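Each chain, written out:
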Amino acid sequence: MLDKNKLDWIYNKLFTIRFFEERIKKIAKEKSVPGYLHTCIGSEAICVGVMAALNKDDWISSTYRNHGHAIAKDCNLNQITSEIYGRSTGICKGRGGSMHISDFDRGMLGSFGIVAAGPPVVLGAALQEKINNGSKNSVSFFGDGAIHNGAFHEAAGLAKLWNIPMLFVCENNGYAEATATDWHLNTKELSDISKAYDMIAYSGNGNDVFEVFNLTNKALKESRNKQTPIFLEFKNYRFSGQYEGDTQLYQPEEEIENAKKNDPIKLAIDNAKNHNLTKDDIEKYKKNALDTVNSAFDFADTQPWPKGEDALEEVYVNYPREVN
Ligand SMILES: Cc1ncc(C[n+]2csc(CCOP(=O)(O)OP(=O)(O)O)c2C)c(N)n1
Ligand SMILES: [Mg+2]
């Protein structure tokens, strides 16, 4: 049985991510923030279940569908929201926007708009841990679409060759942009791809936060004991479009309705009684999460914009000339 603090954390995070993304959907319709917005409704159990198995300073990488990973990695919600609003108090000082939330202090090595850009970065972090006898875990999140990208294969091949303990966590949400997974897959099961690298692989129900948590715990231990990478596939469903504004005409209504039966938030609520949680507990989690989300949006909306004269700060190269 999980202890109460862990359960509180898991349920608070699940609701926070869902309410946050629902609010993002609204602001996307209003077109009140710059840039593309991608929501992770349907992925909450993967974000929370994996992060519940990690320590606060473990390394992760994310994708453009990153809000849930950042929230579950305990990045500051006010700063995340400010970043999405492009404000100077954002987690990357408003320079990255929604798709580029990173926070090295919390092990969030980056969110990448480029598909499969994360695995090689996390491989580097994990290699460094191995060389320095470090104890931090290393986990790269990516989508089903990323398994066709060379960067994923390079990272997978090297991780196995160098005996690097790390997790490759694939969120198989049924779609890569408008292409359904069974249209783009050239193996019977997605996780079969790991066979090319003789890599251990497990698949789990990405809608069940407790299954995700248990499988991640098991994989972390095995990966460390055997000094080997492990591929984890979590199956779920992408309720949102590829981006906010996507008409989703390619996702049959019946398919969406069926997937709703396994909505990760619904499953977590159904599961609450098995963890001795009451309806009151659930209501408290919801209220707490909604208050946190509302105050983050209130905060972000009042924050100052970055100053033009700061545009050349914190870039790789500062040119020794005045910019007018
Ligand atoms: C290297 C690269 N190729 C193509 C794209 C365009 N693109 C953006 S999202 C996407 C689909 C990725 O799908 P998946 O990995 O399943 O992630 P999901 O959106 O389902 O979370 C593609 C091909 C890109 N961003 N980067
Ligand atoms: Mg996908």
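Before reading further, recall that the structure is shown in the block above.
Residues numbered from 1 in each chain as written. Chains lettered and ligands numbered in written order. Predicted model: local features only at pLDDT ≥ 70, side-chain atom pairs only at ≥ 80, totals over all residues.

1. Remarks on the overall build of the chain
In terms of helices and strands, the chain carries eleven helices and eight strands. Scaling as 2.2 N^0.38, a compact globule of 324 residues should have a C-alpha radius of gyration of about 20 Å, and the chain matches this with 20 Å. Seen through its principal axes, the chain has C-alpha atoms that stretch 55 × 50 × 40 Å. In the chain, which comprises 324 residues, the share counted as buried stands at 45%. Taking the intrachain contacts of the chain between residues at least 6 apart in sequence as the baseline, contacts between residues at least 24 apart amount to 73%. (Helix = DSSP H or I, 4+ residues; strand = E, 2+ residues; numbered from the N terminus. Rg over C-alpha atoms; globule rule 2.2 N^0.38 Å. Buried ≥ 20, exposed ≤ 12 C-beta atoms within 10 Å, placed from the backbone. Contact = placed C-beta atoms within 7 Å.)

2. A few points about the site of ligand 1
Taken together, 16 residues form the shell around ligand 1, and within it Val115, Gly143, Asp144, Gly145 and Ala176 come nearest. Considered class by class, the residues forming the shell around ligand 1 number five nonpolar, seven polar and four charged. (Near = placed C-beta within 6 Å. Nonpolar A, V, L, I, M, F, W, Y, C, P; charged D, E, K, R; others polar.)

3. Here's the deal with the sheet that holds strand E3 (residues 138-143)
Taken in spatial order, the six strands make up an open sheet running E2-E1-E3-E4-E8-E7, and their pairing is parallel. In this open sheet, the two edge strands, each paired with only one partner strand, are strand E2 (108-112) and strand E7 (200-205). Ignoring which end each strand starts from, the neighbouring axes of this sheet average 15° apart. Note that strand E1 (residues 59-63) and E3 share three bridges and pair parallel. The partner of Trp59 across the bridge, within E3, is Ser138. (Pairing = 2+ DSSP bridges. Axes fitted to C-alpha atoms, helices over the stretch in contact; angles between N-to-C directions.)

4. Structural notes on unusual backbone geometry
Unusually for a residue other than glycine, Ala116 sits at a positive phi of about 70°. Given 22 C-beta atoms within 10 Å, Ala116 falls into the buried group. Phi is positive for Asn163, close to 55°, though the residue is something other than glycine. Along the chain, the position of Asn163 falls in the loop between helix H6 (150-161) and strand E4 (167-172).

5. Comments concerning the pairing of strand E8 (residues 230-235)
Most of E8 is tucked away: six of the six residues are buried. Neither face of E8 is exposed, since Ile230, Leu232 and Phe234 on one face and Phe231, Glu233 and Lys235 on the opposite face are all buried. Where E4 lies against E8, six bridges are found, and the strand directions are parallel. Its bridge partner being in E8, Leu167 is matched across the sheet by Ile230.

6. A few points about the nonpolar core
In this structure, Leu14, Val48, Val50, Val139, Leu167, Val169 and Leu232 are the most contacted members of the largest nonpolar core, which totals 77 residues. In this structure Val50 touches Val139, Val169, Val212 and Thr216, once residues within four positions along its chain are discounted. (Core = buried A, V, L, I, M, F, W, Y, C linked by C-beta atoms within 7 Å.)

7. Notes on the pairing of E2
For E2, the tally of buried residues reaches five of five residues, placing the bulk of the element in the interior. Summarising the sheet, E1 and E2 pair through three bridges and their orientation is parallel. Bridge pairing in E2 places Ser62 opposite Ser111.

8. Thoughts on the packing of helix H2 (residues 44-52) against helix H8 (residues 209-226)
Two elements in contact, H2 and H8, have axes separated by 7 Å at closest approach and are oriented at 40°. Helix-helix and strand crossings are classified by hand; for H2 and H8 the assignment is right-handed. Contacts between H2 and H8 involve Ala45, Ile46, Val48, Gly49, Val50 and Ala52 from the former and Val209, Val212, Phe213 and Thr216 from the latter. Considering only residue class, the contact of H2 with H8 consists of eight nonpolar, two polar and no charged. (Left-handed = near helix turned anticlockwise from the far one by under 90°.)

9. Let's talk about helix H1 (residues 4-30)
Over its 27 residues, H1 runs 39 Å from end to end, which matches the ideal 39 Å to within 8%, given 1.5 Å per residue. Along H1, the positions that sit buried rather than exposed are Ile10, Tyr11, Lys13, Leu14, Phe15, Thr16, Ile17, Arg18, Phe20, Glu21 and Ile24. Just past H1, the residue Lys31 takes up positive phi, approximately 55°. (Expected span 1.5 Å × (residues − 1).)

10. With respect to the environment of Asn288
One can find Asn288 in helix H11 (residues 279-301). Note: C-alpha distance between Asn288 and Arg224 (64 residues apart in sequence) is 36 Å.

11. Some thoughts on H8
Helix length check: H8 (18 residues) gives 26 Å between terminal C-alpha atoms against 26 Å at 1.5 Å per residue, within 8%. Among the residues making up H8, those that are buried are Val209, Val212, Phe213, Leu215, Thr216, Ala219, Leu220 and Ser223. Taken from the residues just after H8, Gln227 is the one with a positive phi, measuring 50°.

12. Comments concerning the environment of Asp58
The residue Asp58 is located in the loop between H2 and E1 in this model. Of the residues examined, Asp58 has 20 C-beta atoms within 10 Å and is grouped as buried. Separated by 39 residues in sequence, Asp58 and Gly97 place their C-alpha atoms 23 Å apart. When neighbours within four sequence positions are excluded, Asp58 is seen to be in contact with Gly107, Lys136, Asn137, Ser138 and Val139.

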